[in-house]
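Below are the chains, spelled out letter by letter.
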Amino acid sequence: MSAIHRARQEGKTMYVAFVDITNAFPSVNKDALWVKLHSWGVGGPLLDLLRMLYDFSPGLFNVFFADFHVPSHVDDIVLFGRAISQLEHADDLALFSTSLKGLQTKVDAFLQWCSCNFLLPNARKSECMIFGPVPYVKQYKYVGITFQLTHHYIFAKHYKLKASAARGIAGAALQTQSMTGSLPPFEGCQLYMARVDPHLTAGCDVVLDIDPTLLALLEDVQHAYIRRILGLNPHSVIAILFTETGLSPLCYHRVVLALQYLSYLISLPSRHLARCALDDSVILHKSACNTALQEFINTSSRTILLHNHLSRGADGALEQRVLAFRGYLCVVVPQHRTALTHLLLSDHTLASEQLRRASCYVPVVSEHLRICHLCLLDVEDPVHALLTCSGGVSQLVSLWASFLKDLFECLPSACTIAIGNDATDFLRLLTKRRQVLPLLAKFAWEVMVIFDALPMVIPRQTE
């Protein structure tokens, strides 16, 4: 999943080849295995003991497979600084790349290794998947976990298959009552843990429960089984199913297992493949959170003064930072700070915000009708109120003149900034200059005092 997320984050298509070996364990040339072990320094009585005591197993297959190396490629997925091109689980192998050429290179290397080790790839059981705009194979099962590319959650099919398998096993266990008589609850719980629970928790360490409807498929099987062994009706209280049997609710049981696996991942060395995948996932999800927040800020009409928000970095240079403590929050005078905060965060008393939502006495008003009650010429929003209103109120004119005088003294380049930008960009840029924030906050407070002193213009609604 980490590799898939990384490819999506970088806007790339990931090509995956799930390759299978025909009769992998029985087909392994054992003499070749002993030769490999001897070449790696395993000899003498230890090698003789292995030859006499051990039949072939997944553990020995891993040893046999240890000399398989995939050449690196420029299109490999990089997770936390480590290039990843393959996954191996006994005889289950997944090769992936972000280009067809890179994937073909890896498949060729695998075929070459098989020919040198007397193994035959199984073309009928091998598949290729494309994680991108157009899926090539819609679903595939790898190490017991089914991927489905046509659902918003890639593991949706896995939930359905495991719920079906668990329901079948539970039904078979309960059907023994027709031959053995009533199944005692204690033995019923033991059968549940031995036969049903493994299906309900299969892959829960990596298949996280983010969709409640999918988790409910598994929980329904657990609840039905426990009710059957207790002799309860389908509408009995769910909590007593666990307090009286000692079994754990499935949702908590799966979370505990996932946390235990997370604890294991954290304990791994930093260069371990699984640890790199975890660290890269943390970075990706943090980046995704920042991206989602910034996209909302940049597209919402209510946060127009926060678009492409810039903040001062450690070196003092302006940089776009999604999560940062903003400079205007450091204005000392509480009234001034609050006034500026309200204007920037769209929580002010101007018509553009107050007429956006309906109340007991005021219906929702279209944006172009939320006109300024001083000049009656334009929409009454923060930019208009602070910079462009020509309402003729003498107090507002004097405030504007005084603010400009103080601004040019504090920031001589303000005139150049004003000439090169429209009113919205000019105000947005002023909020990035820490030296002018106290002046801007005071000016915002004084302007809002004037606007709040007069009633808002509410257009008459036509029938």
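Coordinates for the structure precede this section.
Computed from a predicted structure; not experimentally measured. Positions within a chain are numbered from 1, following the residues in the order the chain's sequence is written. Selection of residues for local features in this predicted model requires a pLDDT of at least 70, selection of side-chain atom pairs for listing and counting requires 80 or more, and totals for whole chains, interfaces and linings are taken over all residues. Excluding hydrogens and water, the side-chain values take into account all heavy atoms of the structure.

Novice: Whenever I open this one, the overall build of the protein confuses me. Can you help?
Specialist: Each helix and strand in the protein was counted, giving 20 helices and 10 strands. Judged by the C-alpha coordinates and their principal axes, the protein covers about 100 × 60 × 40 Å. Whether two residues are in contact is decided by their heavy atoms: any pair within 4.5 Å suffices. Once local pairs closer than 6 in sequence are excluded, the contacts in the protein between residues at least 24 apart make up 62%. Total accessible area computed for the protein in this model is approximately 25,500 Å², and 59% of it derives from carbon and sulfur atoms. Lys and Arg are tallied as positive, Asp and Glu as negative. Neither His nor the chain termini are counted. The atoms used to mark charge sites are NZ of Lys, CZ of Arg, CG of Asp and CD of Glu. Across the protein, the mean location of the 39 positive side-chain charges is 1 Å away from that of the 39 negative side-chain charges. Numbering of helices and strands runs from the N terminus; a helix is a DSSP stretch of H or I covering at least four residues, while a strand is a stretch of E covering at least two. In short, Shrake-Rupley with a 1.4 Å probe defines the accessible areas, and a residue's cover is counted only from the protein chains shown.

Novice: Looking at this model, I keep getting lost on the pairing of strand 1 (residues 14–19). Mind explaining?
Specialist: Both faces of the sheet carry side chains from a regular strand, because those side chains alternate between them. Remark: exposure states derive from per-residue accessible area (1.4 Å probe, protein chains only) relative to the maximum for the residue type, with buried under 20%, exposed over 50%, and partly exposed in between. In terms of residue burial, strand 1 counts as a mostly covered element, since six of its six residues are buried. Side chains of strand 1 alternate between two faces, with Met-14, Val-16 and Phe-18 and Tyr-15, Ala-17 and Val-19 buried alike. Only when DSSP finds a minimum of two bridges between them are two strands counted as paired. When strand 1 meets strand 6 (residues 127–131), the two strands line up antiparallel, connected through five bridges. What sits directly across from Tyr-15, in strand 6, is Ile-130.

Novice: For this particular structure, what's the right way to read the nonpolar core?
Specialist: Nonpolar side chains in soluble globular proteins tend to end up buried together. To form a nonpolar core, buried Ala, Val, Leu, Ile, Met, Phe, Trp, Tyr and Cys residues must be joined to one another through side-chain atoms within 4.5 Å. Within the largest apolar cluster, 45 residues are counted, with the highest numbers of intra-cluster contacts made by Met-14, Phe-131, Phe-155, Val-196, Leu-200 and Tyr-225. A per-element tally of this core places helix 7 (residues 156–175) first, with seven residues. Per-domain counts for this core show at least three residues from each of domain 1 (1–137) and domain 2 (155–267). The residues contacting Tyr-225, other than those within four sequence positions of it, are Ala-170, Ala-173, Leu-174, Leu-183, Gly-188, Leu-191, Tyr-192 and Val-196. Judged by nonpolar contacts, the second largest core, of 36 residues, contains Leu-340, Leu-343, Cys-375 and Leu-427. Those domain boundaries reflect an automatic or database domain assignment.

Novice: Hey, could you run me through empty space enclosed by the protein in this one?
Specialist: Vacant regions in the atomic arrangement are exposed by a probe of water-molecule size rolled over the atoms. In this analysis, the protein atoms alone were mapped onto a 1 Å grid. Cavities are point sets where a 1.4 Å probe fits without being able to get out; pockets are open sets with protein on both sides within 12 Å along at least five of seven lines; lining residues have an atom within 4 Å of a point. Grid points are joined across faces, edges and corners, and a volume is the space filled by probe spheres set on the points. Inspection of the entire model under this criterion finds one cavity of 30 Å³ or more. Looking at the largest cavity, the residues that line it are His-158, Tyr-159, Lys-162, His-199, Leu-200, Thr-201, Ala-202, Leu-218 and Arg-254. Those elements giving two or more residues to the lining of the largest cavity turn out to be helix 7 and helix 9 (185–200). In terms of residue count, the dominant contributor to the lining of the largest cavity is helix 7 (three residues).

Novice: Any chance you could explain the environment of Ile-145 here in plain terms?
Specialist: Structurally, Ile-145 can be placed in strand 8 (residues 145–148). According to the relative accessible area criterion, Ile-145 is buried, its value standing at 12%. Taking the C-alpha atoms as reference, Ile-145 lies 9.4 Å from Lys-162; in sequence the two are 17 residues apart. In contact with Ile-145, other than residues within four places in its own chain, are Tyr-140, Phe-155, His-158, Gly-203, Val-206 and Val-207.

Novice: Whenever I open this one, the side chain of Asn-117 confuses me. Can you help?
Specialist: You can see Asn-117 is positioned in the loop between helix 6 (100–116) and strand 6. Look at Asn-117 and you get buried, because its relative accessible area is 6%.

Novice: For this particular structure, what's the right way to read the packing of helix 10 (residues 212–230) against helix 12 (residues 250–267)?
Specialist: A packed helix pair is summarised by two numbers, namely the angle formed by the two axes and the spacing between the axes. As a packed pair, helix 10 and helix 12 sit with axes 9 Å apart at the nearest point and diverge in direction by 115°. Mapping the contact onto sequence places Leu-215, Leu-218, Glu-219 and Gln-222 in helix 10 and Leu-250, Cys-251 and Arg-254 in helix 12. Of the residues belonging to the contact of helix 10 with helix 12, the class tally is four nonpolar, one polar and two charged. For helices, the axis comes from a line fit to the C-alpha atoms of the stretch in contact; other axes are also lines fit to C-alpha atoms, and the angle between any two N-to-C directions lies between 0 and 180 degrees. Each residue is assigned to one class: nonpolar for Ala, Val, Leu, Ile, Met, Phe, Trp, Tyr, Cys and Pro, charged for Asp, Glu, Lys and Arg, and polar for all the others, Gly among them.

Novice: Even after reading the chapter, I still don't get the packing of helix 7 against helix 9, so can you show me in this structure?
Specialist: As a packed pair, helix 7 and helix 9 sit with axes 8 Å apart at the nearest point and diverge in direction by 165°. When the interaxial angle is binned, helix 7 and helix 9 end up roughly antiparallel. Note on packing geometry: the crossing formed by helix 7 with helix 9 is right-handed. Where helix 7 abuts helix 9, its residues Lys-162, Ala-165, Ala-166, Ile-169, Ala-170 and Ala-173 lie against Leu-191, Arg-195, Val-196, His-199 and Leu-200. The labels follow the angle: roughly parallel below 35 degrees, roughly antiparallel above 145, roughly perpendicular from 65 to 115, and oblique for the rest. The handedness criterion is simple: a crossing whose near helix is rotated anticlockwise from the far helix by less than a right angle is left-handed, and one whose near helix is rotated clockwise is right-handed.

Novice: Just to check I follow, could you spell out the pattern of salt bridges for this structure?
Specialist: Here the idea is simple: oppositely charged side chains can pair when their charged atoms come close. Salt bridge, as used here: a side-chain nitrogen of Lys or Arg that lies within 4 Å of a carboxyl oxygen of Asp or Glu. All chains considered together, the criterion is met by 11 salt bridges. Salt-bridge contacts for Asp-67 lead to Lys-36; the nearest nitrogen and oxygen are separated by 3.0 Å. Of the two residues, Asp-67 sits in the loop between helix 5 (58–64) and strand 2 (77–79) while Lys-36 sits in helix 3 (residues 30–39), which places them 31 residues apart along the sequence. Residue class for Asp-67 comes out partly exposed when judged on its relative accessible area of 28%.

Novice: Can you walk me through the layout of surface pockets in this structure?
Specialist: For the second largest pocket, the calculated volume is near 270 Å³. Along its surface, the second largest pocket is lined by 19 residues, and Ser-301, Ile-304, Ser-352, Asp-381 and Pro-382 are the ones closest to its centre. Among the secondary structure elements, those contributing two or more residues to the lining of the second largest pocket are helix 14 (334–344), helix 15 (351–354) and helix 16 (382–388). A breakdown of the residues in the lining of the second largest pocket according to their chemical character gives seven nonpolar, six polar and six charged.

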